[in-house]
Amino acid sequence: MAGFETLIDGWDGETAVIRRDRETGGWIFVCIHSTRRGPAGGGTRMKVYGSPAEGLEDAMRLSGAMSRKLAVAGLPFGGGKAVIAVPEIPRGGARRALLLRYGDLVASLGGTYCTSSDMNTDEADMDVIWERTKYVFGRSVAAGGSGNPARPTALGVFHGIKASLAHVDGSDELSGRRVLIQGAGGVGSQLADHLAHAGASVLLADVDIPKAKAVAARVGGDAVDPNDLLQTEADVFSPCAVGGVLTMRSASQLRCAVVAGSANNQLAEPEAAEVLHAHGVLYAPDYVINAGGAIGVAGTEQLGWDEAEVNAALARIGETLQEVYRRSEERGISTAAAAEAIAEERLDL
Ligand code: NAD
């Protein structure tokens, strides 16, 4: 594993802030990848890493992904990410004290970085950080924030699925279509509601089988064994559980016309996007279709949008995907490569 010096030297971002947190024995990294389009936005991940350098590397990689996501979503924000690398995940008073120290660090950056929640941090943590800085979004509704972003994320994915179907065969009609959702959690279950309401047949696969069955019963769909995803025929496969579901092998075996879901980092290997392209499976790039949470939270808490403005911005996820698909066709490149090209143009990379 490379040290801090090598990592920073090889990174294409603007600023990396490194703070030793002696009280917990941890490290805090705030990586501001780009402020070209506005203040850098991106969540705070709290995690136990094998070494501090791994935490820095994660923050750098994730901050670049945020620049792309927010640029393609057309939001006036750059990309950033923070990692709090701890020897163990703190609870209670130690957690609160750490978050207050972290809030002071974010405040000291003067608004060049705005944080939100990510792995192992939630809206209650954002409320604590808010005590020290206004540069935080994703606070609880009780504290004046917009709460859990799963609702706008699910609605954005719903628009993305319709746009993808329209691209495949000219109709965004959902009745008579089968959609297989992996993950019946916050996003997957609300997506199931939208799809069923629009007339689709919904199949749900979750490692928590009773959860999949409960959501399936609620929407009049069926639960599917989570090990049978590759054997299950559907018009759309919607990964809404974990990253890494698309390998070169699984991409060649999927029995669907469209892959369109909320999970982050769906491509386990970048070449899987080429395999999907070669097999005629339309892939909605994850960071394009799952931007609804960022749009909802940033729109409501930072840009002062009302519900109608947020909903209009979520519907534009479908239009953005259509642009990605057009470009993929025109240039004969994968949809992942087309999205990357749009991001690079908007970020002037
Ligand atoms: P969640 O934790 O509420 O739900 C995830 C569900 O997936 C759980 O029910 C879990 O049991 C299930 N699951 C885990 N591993 C599985 C597997 N191998 N097979 C089948 N099911 C499995 O999470 P969420 O908030 O619904 O987010 C879902 C995905 O979307 C995550 O990858 C997340 O990073 C991504 N995402 C979420 C948001 C958001 O606003 N919540 C925004 C952008 C991206």
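Up top you'll find the structure we're talking about.
Residues numbered from 1 in each chain as written. Predicted model: local features only at pLDDT ≥ 70, side-chain atom pairs only at ≥ 80, totals over all residues. Heavy atoms only, no water.

A.B. asks: Pulling in residues and values, what's your account of the pairing of strand β4 (residues 44-47)?
C.D. replies: For a regular strand, the rule is simple: side chains alternate between the two faces of the sheet. By the bridge criterion, four bridges tie β4 to strand β5 (residues 78-85) in an arrangement that is parallel. The partner of Lys-47 across the bridge, within β5, is Ala-85. Taken together, β4, helix α2 (residues 52-72) and β5 form a β-α-β motif whose crossover is right-handed. (Pairing = 2+ DSSP bridges. Helix = DSSP H or I, 4+ residues; strand = E, 2+ residues; numbered from the N terminus. Right-handed = clockwise from strand over helix to strand, strands pointing away.)

A.B. asks: Explain the side chain of Ser-140 to me, using residue names and the numbers behind them.
C.D. replies: Its location among the elements puts Ser-140 in the loop between α4 (123-130) and α5 (150-169). According to the relative accessible area criterion, Ser-140 is buried, its value standing at 11%. Within the local environment of Ser-140, its side chain forms a polar contact with the side chain of Asp-127, the two groups lying 2.6 Å apart. Here Ser-140 is in contact with Glu-123, Asp-127, Gly-145 and Gly-147, once residues within four sequence places are set aside. (Buried < 20%, exposed > 50% of the residue type's maximum accessible area, 1.4 Å probe, protein only. Polar contact = N/O pair within 3.5 Å; in protein donor to acceptor, adjacent residues only side chain to side chain. Contact = heavy atoms within 4.5 Å.)

A.B. asks: Describe the layout of surface pockets, with residues and values.
C.D. replies: The calculated volume of the second largest pocket comes to roughly 220 Å³. Tallied by class, the residues present in the lining of the second largest pocket amount to 11 nonpolar, three polar and one charged. (1 Å grid on protein atoms, 1.4 Å probe; cavity = no way out; pocket = protein on both sides within 12 Å on 5 of 7 lines; lining within 4 Å. Points joined across faces, edges and corners; volume = space filled by probe spheres on them. Nonpolar A, V, L, I, M, F, W, Y, C, P; charged D, E, K, R; others polar.)

A.B. asks: How would you summarise helix α11 (residues 292-301) if you had to cite specific residues and measurements?
C.D. replies: Buried residues dominate α11, accounting for eight of its 10 residues. The complete set of buried residues in α11 reads Gly-292, Gly-293, Ile-295, Gly-296, Val-297, Ala-298, Gly-299 and Glu-301. Buried residues belonging to α11 abut α5 and α12 (307-331).

A.B. asks: Talk me through the site of the ligand; I want residue IDs and the actual numbers.
C.D. replies: Taken together, 19 residues form the shell around the ligand, and within it Thr-153, Val-187, Asp-206, Lys-211 and Ser-262 come nearest. Measuring from an oxygen atom of the ligand, one finds a backbone N or O atom of Pro-149 at 3.3 Å. Measuring from an oxygen atom of the ligand, one finds a side-chain N or O atom of Lys-211 at 2.7 Å. When the free accessible area of the ligand is taken as 830 Å², the share hidden by the protein chains comes to 70%. Looking at the shell around the ligand, the elements with two or more residues in it are α5 and α6 (186-197). Residue composition of the shell around the ligand, by class: nine nonpolar, eight polar and two charged. (Near = heavy atom within 4 Å. Areas by Shrake-Rupley, 256 points an atom, 1.4 Å probe, with all protein chains shown as cover.)

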